[in-house]
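# Report on the structure
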Amino acid sequence: MIFIILLTLITLIISGITTIPFVIGLLTIQTVLFKKSWVFFLALGLGLFLDLIMIRPLGYTSLVLAIFVFLIRLYERKFETQTIAFVFISTFLGSLIYLMIFGYNNVLIQSLISAIIGVLFFKLLWLKLGLHSETI
């Protein structure tokens, strides 16, 4: 659990410094692996903190992140979510929409980088949590 909190803090700091939305990948991974309702509250808190760091009106990022987590939870019944392909595609699409909503440039490249790093985080957490005996 300490590893997950540390990873969340590092991701939050890096997302505040760069324009690549690493938080989207982190929320995707935590939603897929843990399937708990506390991820919604985490999305709201991370969104508020990012709004403070980036000097935006409070609540916009929280709303986008909460809707993103809701959509992933909605698709858990229809798709196998604990796969690298699902994490890559959902992180890519989530980052693309996030970047387009907030008006960033080079959204395709940044979304691709976010998705690749999200998959690496997913694989790291998958191995760290001891889920490597199951198929990815």
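Coordinates for the structure precede this section.
Residues numbered from 1 in each chain as written. Predicted model: local features only at pLDDT ≥ 70, side-chain atom pairs only at ≥ 80, totals over all residues. Heavy atoms only, no water.

### Remarks on the overall build of the protein
A tally of regular secondary structure across the protein gives 6 helices and 0 strands. For the protein, the α and β elements follow one another from N to C terminus as α-α-α-α-α-α. For the protein, the C-alpha radius of gyration of 14 Å lies close to 14 Å, the compact-globule estimate for 136 residues. If you line up the protein on its principal axes, its C-alpha atoms span 45 × 30 × 25 Å. (Helix = DSSP H or I, 4+ residues; strand = E, 2+ residues; numbered from the N terminus. Rg over C-alpha atoms; globule rule 2.2 N^0.38 Å.)

### Description of the packing of helix α2 (residues 22-34) against helix α5 (residues 84-101)
Packed helix pairs are specified by the crossing angle of their axes together with the interaxial distance, meaning the distance between the axes. Contact geometry for α2 and α5: axes closest at 9 Å, N-to-C directions at 140°. Taken together, α2 and α5 sit at an angle that is classed as oblique. In this structure, the crossing between α2 and α5 has a hand that is right-handed. Taking contact as the criterion, the partners of Ile24, Gly25, Thr28, Ile29 and Val32 in α2 are, on α5, Phe86, Val87, Ser90, Thr91, Gly94, Ser95 and Tyr98. Of the residues assigned to the contact of α2 with α5, the class counts are 6 nonpolar, 6 polar and no charged. (Axes fitted to C-alpha atoms, helices over the stretch in contact; angles between N-to-C directions. Parallel < 35°, antiparallel > 145°, perpendicular 65-115°, else oblique. Left-handed = near helix turned anticlockwise from the far one by under 90°. Contact = heavy atoms within 4.5 Å. Nonpolar A, V, L, I, M, F, W, Y, C, P; charged D, E, K, R; others polar.)

### Focus on the environment of Thr28
One can find Thr28 in helix α2. A relative accessible area of 0% means that Thr28 is categorised as buried. Sequence spacing of Thr28 and Leu58 is 30 residues, and the spatial spacing of their C-alpha atoms is 22 Å. When sequence neighbours within four positions are dropped, the list of residues in contact with Thr28 reads Phe68, Ile72, Val87, Ser90 and Thr91. In this structure the side chain of Thr28 is engaged in a polar contact, spanning 2.8 Å, whose partner is the backbone oxygen of Ile24. (Buried < 20%, exposed > 50% of the residue type's maximum accessible area, 1.4 Å probe, protein only. Polar contact = N/O pair within 3.5 Å; in protein donor to acceptor, adjacent residues only side chain to side chain.)

### Here we look at the packing of aromatic side chains
Each aromatic ring pair is specified by the distance between its two centres and by the angle formed by the two planes. According to the stated counting rule, one finds 5 aromatic pairs in the structure shown. Consider the rings of Phe122 and Trp126, whose centres lie 5.4 Å apart with planes at 50°: the pair is tilted. Note that Phe122 and Trp126 are positioned in helix α6 (residues 107-128) at a spacing of 4 residues, about one turn of the helix. The same class applies to Phe122 and to Trp126, which are both buried. (Phe/Tyr/Trp six-rings, centres within 6.5 Å; stacked < 30°, edge-to-face > 60°.)

### Here we look at unusual backbone geometry
Here the phi dihedral of Lys35 falls at roughly 50°; this positive angle occurs in a residue that is not glycine. The partly exposed category is assigned to Lys35, whose relative accessible area is 40%. A positive phi angle, near 55°, is found at Ile55, a position not held by glycine. The residue Ile55 is located in the loop between α3 (38-53) and α4 (60-75) in this model.

### Remarks on α3
The terminal C-alpha atoms of α3 lie 22 Å apart, and with 16 residues this matches the ideal 22 Å at 1.5 Å per residue to within 8%. Every buried residue of α3 is accounted for by Val39, Leu42, Ala43, Leu46, Gly47, Leu50 and Asp51. Projected down its long axis, α3 carries its buried residues within an arc of 165°, all on one side. Facing away from the buried surface of α3 by more than 90 degrees, the exposed residues are Phe41 and Leu52. Against α1 (2-17), α2, α4 and α5 lie the buried residues of α3. One or two positions beyond α3, positive phi appears at Ile55, with a value near 55°. (Expected span 1.5 Å × (residues − 1). Arc of directions from axis to C-beta.)

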